[in-house]
Amino acid sequence: MDTLLQQLINGLTLGAVYALVALGYTMVYGIIGLINFAHGEVVMIGTMVAFTVIVFLAGSGMPPLVILGIGLLVAVAACMVLGWALERIAYRPLRHAPRLTPLITAIGMSIVLQNVAMIIWGRNYITFPPMIHKEIYELGGASFTNVQVAIVCLAALVMLGLTYLVQRTRIGMAMRATAENQQVALLMGVDINRVIAMAFVIGSALGALAGCMVGSYYEIAHYQMGFMLGLKAFTAAVLGGIGNMAGAMAGGLLLGVIEALGAGYIGDLTGDFLGSHYQDIFAFIVLIIVLMFRPSGLFGERTGDRA
Amino acid sequence: MSAHQVLLEAHEVAKHFGGVKALHDVSLTIRRGEIYGLIGPNGAGKTTFFNCLTGLYRNESGHFVFDGVKLAADAPHKAAEIGIARTFQNIRLFGNMTAIENVMVGRHLRTRAGVFGAISRNAATRAEEAAIARRAEELLHYVGIQERAHDYARHLSYGDQRRLEIARALATEPKLLALDEPAAGMNGTETEALRLLVEGICRDGVTVLLIEHDVKLVMGLCGRVAVLDYGEKICEDVPAVVQKDPRVIEAYLGGSVA
Amino acid sequence: MNGQRRRIPLWQGHWLGLVLLAATLFAVPFVAALGGQAWVRIANFAILYVFLALGLNIVVGYAGLLDLGYVAFYAVGAYAYALLASPHFGIHLPFWVILPFGAGLACFFGVVLGAPTLKLRGDYLAIVTLGFGEIIRIFMNNLNAPINITNGAQGITLIDPIRIGDFSFSQTSTIFGVTLSGPQKYYFLLVALAILVIMVNMRLQDSRIGRAWQAIREDEVAAKACGINTRNIKLLAFAMGASFGGIAGGVFAAMQGFVSPESFSLMESITILSMVVLGGMGHIPGVILGAVLLTGLPEALRYGIEPLQKAAFGRMIIDPESLRMLVFGLALVLVMRFRPAGLWPSSLRRRELSETTD
């Protein structure tokens, strides 16, 4: 019983991170139909920037929470600029190119960012300075830390805020209109370029936040960390129905939980034939199964061919 | 009416999108060798009926019996296989293929060459390819655009694109040719030429189902006409009777004739 | 000519060019050998990638399906060869049994994966294939316990070379007075395979099946209405691409004598896809160019960057490996920016593009 609860808690933490990253994928995909392969790298750069700032300020004598806050803000700001620049420089000129062209550009940007990060931060793991005093709580045989609580609460808050932004504000409505039909939105006076740029900027900010969360959870960072994380988050977005923001949130949480449960129980299920190294395959197996039965994802609309 | 005279029977076909009933238990019977018209105001459900018939939509209830066989829902290629070919209201050609290639795609269904034939280019495959090209040329000639054979489909004029779509549909050797507003956007001369073409197709043994806005064209061409309004069949008869039916007049004029 | 399209057989009236090409292809392994056998191996890899890229071209270029896990089929072929012709299980089957078996196995996986997913929207296929690639890689990495099937991350060594009777492709021998090293022999084998896949690509393009693929790319609904069973026709492309991947994997295993999961990362799938798109999707000469360039470029950079940095700064400032990848990534971005249809697109694609960007 205690394993179940423990895995649920761990899964929820991981899922909150996936959900934030998945939102970045789904917002961009919903509006311009691009799988932004470089998004995982944006998340990685967010973590790296935050680490650098925090390490730099660690000796300054400021209270740890303030240092953390500054690190987070700098990372978010840096990633917003990065996201904006990516769209402006790499993707915007290809708005009318064949479908695969921007995808290859995204892959190229992902490689570029990864190697730039390697040149700046090196090939080794970077460890997080011990800033936060970790409290461990016990609940029904399972344990969790204050960091986990903070991650889940912060993610929930941000997602609420984003939902408000998209549902209630002018820019949010412009985004939804553009996702629905670009031509019509254009005719209604929506500034498409601004909306697309906003999607990248907001997505990158969420990514930076998620990056800081994984960083403080695992307490290490690496220049290749964005890749698998991005892949999982994208899987979560598809799982929930790509282009659908609520779907990305739900898909992220679900994926986190499934992965944690899978890793916890795979040994029992297969009589120890398969071990927890197989954690990474759960995401993909679940994805394949879900798509077989719900071709548009769990929360996606059923879109048929239009005659 | 004896069974072999009937080509298509629609039995209480219903289709709705969300809460909107697009088709409400529509039943009709099309006889072999006739030109059957389906008319109605915008949004009456004509194209929806077409899409159900040709398997693009899955109807919620009801079914079609074609040539004595019950149609499988949701399988457009099967509809084509048993002999229902169609054109589209908003012309759907393969724009970056030439006119003749478009028609050759229509021959896909009635030819067999697979991967091994294509790679080995054996005698049978070469003969089949030649036959496909020959038949495609004949069909282009038949609809009167043979001199545009090697132009890209999207470079053809509007009228020629409509003709090419018909040639492509005919290439599948249909028993029933379903035309979705073929005269839309055509001028008087083009419409007249189209009328002659459709009559010719019917004479050559293909039954025609025609959706059309141009009431004059329908009345001149069709043996029988059904009228759809708000997804329901409100009338079915010879054109002369349909034209005088008060329900039809009301549907078309929105009830303003009291 | 305006808007007209005439089909000219690729080599008609180019006999001189064809002879020159054949002579060049023949000369490559001997010229390369002057710089050492390593250069012959690079040439071999270039041709192996031509083979792989043209296999993927059937899937991506012809049928318009985005496959991000192509390397999984390559891996299946490679491991099939490695397990059936090495001391690992002590099985030593001849290559003419294993290569077709590997191709068939890859094809089987292609069908199992493609059948349920090919009715989905295009981008979903991309993620499903990507996931499949990862699943295969993870299994290769971990299936060494409790039963040692793949030998895990260490990979499988001492794989048998391709051997016909007493003629082994891994040893130097003299044929008609010409001395050929192992890599040189594989070179000619690979050229033969590449010619085969080029012929398959060319002939498919102008066939009933090729027209169906193009029709599906243009308008899937209309293609269905023409009676094309779009799912089966797409599956055909997918399975064919997979089979070619399987063959390439088998040859790779035999040529290297060693396979490990490292060779089958997602990056490899992405590189092969980049070759197809960067060269010019659907256009055979373009894809060949893309494959040769993307194999050659990193190698050229490997040999060029180090001396260049030393000359400029007197020491190594930036890790050459990451600089190499950086330049590779930038090259992808720049080519797509300035040649969105690829370096050498077919005239058709060029026109499509110029008209949509008006």
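Residues numbered from 1 in each chain as written. Chains lettered and ligands numbered in written order. Predicted model: local features only at pLDDT ≥ 70, side-chain atom pairs only at ≥ 80, totals over all residues.

**Student:** Which parts of the structure should I look at to understand the confidence of the model for chain B?
**Tutor:** Low pLDDT means the predicted atomic positions in that stretch should not be read closely. Looking at chain B, pLDDT values average 88 and 96% of them are 70 or higher. By mean pLDDT, the top-scoring element of chain B is helix 3 (residues 99-106) of chain B (95), and the lowest-scoring one is helix 10 (residues 246-253) of chain B (80). (pLDDT = per-residue confidence, 0-100. Helix = DSSP H or I, 4+ residues; strand = E, 2+ residues; numbered from the N terminus.)

**Student:** Got a minute to help me understand the packing of helix 3 of chain B against helix 7 (residues 208-218) of chain C in this structure?
**Tutor:** Describing two packed helices takes the angle between their axes plus the distance from one axis to the other. Running from amino to carboxyl end, helix 3 of chain B crosses helix 7 of chain C at an angle of 105°, the nearest separation of the two axes being 10 Å. One element, helix 3 of chain B, and the other, helix 7 of chain C, form an angle in the roughly perpendicular class. Taking contact as the criterion, the partners of Glu101(B), Met104(B) and Val105(B) in helix 3 of chain B are, on helix 7 of chain C, Arg211(C), Ala212(C) and Ala215(C). Taken together, the residues of the contact of helix 3 of chain B with helix 7 of chain C break down into four nonpolar, no polar and two charged. (Axes fitted to C-alpha atoms, helices over the stretch in contact; angles between N-to-C directions. Parallel < 35°, antiparallel > 145°, perpendicular 65-115°, else oblique. Contact = placed C-beta atoms within 7 Å. Nonpolar A, V, L, I, M, F, W, Y, C, P; charged D, E, K, R; others polar.)

**Student:** Would you mind showing me how to read the pairing of strand 8 (residues 207-211) of chain B here?
**Tutor:** Looking down a regular strand, the side chains alternate between one sheet face and the other. Residue and element names in this part refer to chain B. The element strand 8 is extensively covered by neighbouring structure, given that five of its five residues are classed as buried. Burial along strand 8 is two-sided: the face carrying Thr207, Leu209 and Ile211 and the face carrying Val208 and Leu210 are both buried. Note: strand 3 (residues 35-39) against strand 8, four bridges, orientation parallel. Each residue of the ladder has a partner; that of Gly37, found in strand 8, is Leu210. (Buried ≥ 20, exposed ≤ 12 C-beta atoms within 10 Å, placed from the backbone. Pairing = 2+ DSSP bridges.)

**Student:** Honestly, the interface of chain A and chain C in this entry has me stumped. Any pointers?
**Tutor:** The parts lose accessible area when they come together, and the size of an interface is often stated as this lost area. Of the residues lining the interface, 37 residues belong to chain A; the matching set on chain C comes to 40 residues. When residues of the side of chain A that touches chain C are assigned to their parent elements, the largest contribution, 13 residues, is made by helix 4 (residues 100-121) of chain A. Classifying every residue of the side of chain A that touches chain C by side-chain character gives 28 nonpolar, seven polar and two charged.

**Student:** Please clarify how the sheet that holds strand 7 (residues 176-180) of chain B should be interpreted in this entry.
**Tutor:** Strand pairs in the sheet, formed through backbone hydrogen bonds, run parallel or antiparallel to each other. All names here are of chain B. Pairing is mixed across the open sheet formed by six strands, whose spatial order is 6-7-8-3-9-10. The open sheet has two free edges, formed respectively by strand 6 (84-86) and strand 10 (232-237), since each of these has just one partner strand. Strand-to-strand, the axes of this sheet are offset by a mean angle of 20°, without reference to chain direction. Strand direction decides the pairing type here: strand 9 (residues 224-229) and strand 10, joined by five bridges, are antiparallel. Looking across to strand 10, one finds that Val227 is bridged to Cys235. Across the sheet, helix 1 (residues 46-53) touches strand 3, strand 6, strand 7, strand 8 and strand 9, and the angle it forms with strand 7 is around 145°. Lying over the sheet, helix 7 (residues 188-203) contacts strand 3, strand 7 and strand 8, oriented at roughly 150° with respect to strand 8.

**Student:** Just to check I follow, could you spell out the sheet that holds strand 2 (residues 20-31) of chain B for this structure?
**Tutor:** All names here are of chain B. Reading across from one edge, 2-1-4-5 is the order of the four strands in this open sheet, with antiparallel pairing throughout. The open sheet is flanked by strand 2 and strand 5 (69-70), the only strands paired with a single partner. Two strands pair when backbone bridges link them, and strand 1 (residues 6-17) and strand 2 are joined in this way by eight bridges, in the antiparallel orientation. By the bridge assignment for strand 2, Phe17 is matched with Val20. Along the sheet, helix 1 makes contact with strand 1, strand 2 and strand 4 (61-66), crossing strand 2 at roughly 65°.

**Student:** Could you clarify how one ought to interpret the domain arrangement of chain B in this entry?
**Tutor:** Residues and elements named next belong to chain B. Parsing chain B into structural domains produces domain 1 (3-83 + 174-253) and domain 2 (96-160). Here domain 1 and domain 2 have C-alpha centroids that lie 28 Å from each other. Taken together, the contact between domain 1 and domain 2 spans six residues of the former and four residues of the latter. Those elements giving two or more residues to the side of domain 1 that touches domain 2 turn out to be helix 2 (76-82) and helix 7. Grouping the amino acids of the side of domain 1 that touches domain 2 by side-chain chemistry returns three nonpolar, one polar and two charged. (Domains from an automatic or database assignment.)

**Student:** What am I meant to see in the nonpolar core here?
**Tutor:** One recurring pattern in soluble globular proteins: nonpolar side chains tend to sit buried together. With 295 residues, the main nonpolar core has Ala19(A), Leu210(B), Phe51(C) and Ala53(C) as its most contacted residues. With 17 residues, helix 2 (residues 37-62) of chain C is the single largest residue contributor to this core. Composition of this core by domain shows at least three residues from each of domain 1 (3-83 + 174-253) and domain 2 (96-160) of chain B. Each residue touching Phe51(C), except ones within four places of it in the same chain, is listed here: Leu190(C), Leu193(C), Ala194(C), Val197(C), Phe244(C) and Ala248(C). (Core = buried A, V, L, I, M, F, W, Y, C linked by C-beta atoms within 7 Å.)

**Student:** Help me out: how do you make sense of helix 6 (residues 170-180) of chain A in this one?
**Tutor:** Think of an α-helix as 3.6 residues a turn; residues three or four steps apart then line up on the same face. Residue and element names in this part refer to chain A. For helix 6, the complete set of buried residues consists of Met175, Thr178 and Ala179. In an axial view of helix 6, the angular spread of the buried residues amounts to 100°, which keeps them on one side of the axis. Opposite its buried face, helix 6 presents the exposed residues Arg170 and Glu180, each directed more than 90 degrees away. (Arc of directions from axis to C-beta.)

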